Amino acid sequence: MGGLSDGFQNMRWLLDIIDIGLVAFIIYRIILLIKGTRAVQMLLGLVVILIVYTASQVGGLYTLHWLLDNFLSSIILVIVVIFQNDIRRALIHVGRNPFFADMSFREETEVLEELVKACVTMAGRRIGALIVIERETGLKDFLEIGVELDARVNADLIVAIFNPKSPIHDGALVLQQGRLKRAGCFLPLAQDTEVSRNLGTRHRAAVGLTELVDAVAIVVSEETGKISVVIGGRITRDLDATSLKRVLTRLLEPRDRRRQRRTRKR
Ligand SMILES: Nc1ncnc2c1ncn2[C@@H]1O[C@H](COP(=O)(O)OP(=O)(O)OP(=O)(O)O)[C@@H](O)[C@H]1O
């Protein structure tokens, strides 16, 4: 037993390195996860509260200090409530489920071309559409409503689905693992913020879902005929065929291939 604990003592430096490395990795992942989201502002707010808390202690502002002390004692609960969406996103990232799993490069290109063709056709005809593409986070929770399809990605079929006369044109079309999986799906709407208040419900649904999961949403506006891509709750508007294909290729490309491409560039 003594030998074992001596062994651990001798390895102390190694454990310290692992310890520091793990903490640095967790902080890095948290920063990556919340970068550019509302969570950054909330985190800054918390930092300000911490500064005021320390200042109130040093300056002897007892009532303020008591108030903040009580607030900060339940900080874990506060953090969980404030960052619930981000925590959920981080946790469900564990189960990877890439869109182009088991597809050859030629099949991937074909899927993207059919998707882009469908969006451009619908935009030209002012047919409204909402297409959601699953990436690493499973969308099972959002697929209960709707009609099962499980069909190859085909531009004519997508246009037919969103044709206003089609019985399944309402709601979202969901793509999983390179196939058209379900149509007529109801998505969670974005929370009632200043930005989302100015959006119609189709765009709000795209923002709402992508705030919760890492899926990519494509919206074709019935009103303007414009194509937008929504990811992480952020909208990139007014895409044409070329920019849509470029954006989708970048977002759906398998990670290992993206890494290989970056290494080749260096
Ligand atoms: N929660 C939802 N989940 C999925 N689809 C939805 C949801 N809410 C609305 N939609 C779809 O959006 C359509 C209505 O879009 P609306 O015109 O209100 O939005 P919009 O963002 O202004 O889009 P557009 O620019 O095409 O007019 C509905 O017919 C339905 O197909």
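Here goes a summary of the coordinates provided. Model, not experiment: these values are computed from the prediction.

### Overview of the site of the ligand
- As a matter of local geometry, the ligand sits amid 16 residues, with Asp-170, Thr-201, His-203, Ser-221 and Glu-222 nearest to it.
- Backbone polar atom of Leu-187 to a nitrogen atom of the ligand: 2.8 Å apart, as the coordinates give it.
- With respect to the ligand, the side chain of His-203 contributes an N or O atom lying 2.5 Å from an oxygen atom.
- When isolated, the ligand has an accessible area of 640 Å², and the protein chains bury 78% of it.
- For the shell around the ligand, the leading source of residues is helix H10 (residues 201-212), giving 4 residues.
- For the shell around the ligand, the class distribution of residues is 7 nonpolar, 5 polar and 4 charged.

### Some words on the packing of helix H7 (residues 105-124) against helix H11 (residues 241-252)
- As a packed pair, H7 and H11 sit with axes 10 Å apart at the nearest point and diverge in direction by 140°. With respect to each other, H7 and H11 are oriented oblique. In this structure, H7 meets H11 at a crossing whose hand is right-handed. Taking contact as the criterion, the partners of Thr-109, Leu-112, Glu-113, Leu-115, Val-116, Cys-119 and Val-120 in H7 are, on H11, Ala-241, Leu-244, Lys-245, Leu-248, Thr-249 and Leu-252.
- The residue inventory of the contact of H7 with H11, partitioned by class, reads 9 nonpolar, 2 polar and 2 charged.

### Topic: the sheet that holds strand E5 (residues 216-220)
- Taken in spatial order, the 7 strands line up as E2-E4-E3-E1-E5-E6-E7 in an open sheet, and their pairing is mixed. Taken across any chain shown, the strands that pair with only one partner, and hence form the sheet edges, are strand E2 (147-152) and strand E7 (234-236). This sheet shows a mean twist of 25° between the axes of neighbouring strands, independent of strand direction.
- Looking at chain direction, strand E3 (residues 172-176) and strand E4 (residues 179-185) are connected through 4 bridges and run antiparallel.

### Regarding the packing of H7 against helix H8 (residues 155-162)
- Their axes nearest at 8 Å, the elements H7 and H8 cross at an angle of 40°. Considering the angle they form, H7 stands oblique to H8. Between H7 and H8 the crossing geometry is right-handed. Facing Glu-114, Leu-115, Lys-117, Ala-118, Thr-121 and Met-122 of H7, the residues of H8 in contact are Ala-155, Ile-158, Val-159 and Phe-162.

### A few points about the pairing of strand E1 (residues 129-133)
- Of all 5 residues making up E1, 5 are buried, and the element is well covered by its neighbours.
- Residues of E1 alternate between two faces, with Ala-129, Ile-131 and Ile-133 on one and Leu-130 and Val-132 on the opposite face, all of them buried.
- Here E1 pairs with E5 via 5 bridges, running antiparallel. Across the sheet, residue Ala-129 finds its bridge partner in E5, namely Val-220.
- Bridge count between E1 and E3: 3 bridges; the pairing is parallel. When the bridges of E3 are listed, Ile-131 appears paired with Leu-173.

### Quick notes on the nonpolar core
- Core analysis: the biggest nonpolar cluster contains 37 residues, and Met-122, Ile-131, Ile-133, Ile-158 and Leu-248 have the highest contact counts within it.
- Only H7, E1, H8, E3, E4, E5, strand E6 (227-231) and H11 provide two or more residues apiece to this core.
- Looking at which element gives the most residues to this core, the answer is H7, with 8 residues.
- Beyond its immediate sequence surroundings of up to four residues, Met-122 is in contact with Ile-127, Ala-129, Ile-131, Ile-158, Val-159, Phe-162 and Val-220.
- In terms of nonpolar packing, the next biggest core, distinct from the first, is built from 21 residues, Ala-190, Ala-205, Ala-206 and Ala-215 among them.

The rules behind each value
- Residues numbered from 1 in each chain as written.
- Predicted model: local features only at pLDDT ≥ 70, side-chain atom pairs only at ≥ 80, totals over all residues.
- Heavy atoms only, no water.
- Near = heavy atom within 4 Å.
- Polar contact = N/O pair within 3.5 Å; in protein donor to acceptor, adjacent residues only side chain to side chain.
- Areas by Shrake-Rupley, 256 points an atom, 1.4 Å probe, with all protein chains shown as cover.
- Helix = DSSP H or I, 4+ residues; strand = E, 2+ residues; numbered from the N terminus.
- Nonpolar A, V, L, I, M, F, W, Y, C, P; charged D, E, K, R; others polar.
- Axes fitted to C-alpha atoms, helices over the stretch in contact; angles between N-to-C directions.
- Parallel < 35°, antiparallel > 145°, perpendicular 65-115°, else oblique.
- Left-handed = near helix turned anticlockwise from the far one by under 90°.
- Contact = heavy atoms within 4.5 Å.
- Pairing = 2+ DSSP bridges.
- Buried < 20%, exposed > 50% of the residue type's maximum accessible area, 1.4 Å probe, protein only.
- Core = buried A, V, L, I, M, F, W, Y, C linked by side-chain atoms within 4.5 Å.

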